[in-house]
Amino acid sequence: MMRIAALFLWLIVPIGIYAGYRAWGTPHLVWSYTYVGGGGADPFANRLYITCSYSGWTGLRTATARGGKCGWVRLIKGADQ
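Model, not experiment: these values are computed from the prediction. (Residues numbered from 1 in each chain as written. Predicted model: local features only at pLDDT ≥ 70, side-chain atom pairs only at ≥ 80, totals over all residues. Heavy atoms only, no water.)

> In this structure, what is going on with the nonpolar core? I would like to understand it.
Nonpolar side chains tend to gather and get buried jointly when the protein is soluble and globular. Listed in full, the six residues of the largest apolar core are Val30, Tyr49, Cys52, Tyr54, Ala65 and Ile76. Residue contacts for valine 30: discarding those within four places in its chain leaves Ser53, Tyr54, Gly71 and Trp72. (Core = buried A, V, L, I, M, F, W, Y, C linked by side-chain atoms within 4.5 Å. Buried < 20%, exposed > 50% of the residue type's maximum accessible area, 1.4 Å probe, protein only. Contact = heavy atoms within 4.5 Å.)

Below, the structure written as structure tokens:
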């Protein structure tokens, strides 16, 4: 009986990946953003980010900034979820 159970043990990983995908979405990297505030090309200037665009498996998605900041990576659910 234990041998048969061991044959199906590998299914835990793909089922876990699928469950994570359905629960949190896929990873997207920041592509561009809009902000207010000065600084020009200064990366350390104080800015208030308004929107963040992320690129990932499901395409380019634009979202509002959380707390005035854009994270480098964001988990975004697909349109079919």
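> Can you help me understand the confidence of the model for the protein chain in this one?
The predicted structure's coordinates, where accompanied by low pLDDT, should not be read in detail. With 96% of its residues at a pLDDT of at least 70, the protein chain reaches an overall mean of 87. Confidence, read as mean pLDDT per element, is least for helix H1 (residues 2–7) in the protein chain (79) and greatest for strand E2 (residues 48–56) (93). (pLDDT = per-residue confidence, 0-100. Helix = DSSP H or I, 4+ residues; strand = E, 2+ residues; numbered from the N terminus.)

> Teacher, can you tell me more about a nonpolar patch on the surface here?
A grouping of Ile4, Leu7 and Phe8 is seen on the molecular surface, where their side chains present a nonpolar patch of about 340 Å² in accessible area. With respect to the element layout, phenylalanine 8 can be found in the loop between H1 and helix H2 (12–24). According to the relative accessible area criterion, phenylalanine 8 is exposed, its value standing at 52%. (Patch = residues over 30% accessible without salt bridge, like charges linked within 9 Å, V, L, I, M, F, W, Y side chains within 5 Å. Areas by Shrake-Rupley, 256 points an atom, 1.4 Å probe, with all protein chains shown as cover. Salt bridge = Lys/Arg side-chain N within 4 Å of Asp/Glu carboxyl O.)

> How should the state of the cysteines be read in this particular structure?
By definition, a disulfide links the sulfur atoms of two cysteine residues through a covalent bond. Following the criterion strictly, the structure yields one disulfide and no others. Between the sulfur atoms of cysteine 52 and its disulfide mate cysteine 70 the distance is 1.8 Å. Disulfide cysteine 52-cysteine 70: torsion about the S-S bond near -85°, hence left-handed. In this pair, cysteine 52 sits in strand E2 while cysteine 70 sits in the loop between strand E3 (59–64) and strand E4 (73–76), placing the two residues 18 residues apart along the sequence. (Disulfide = S-S within 2.5 Å.)

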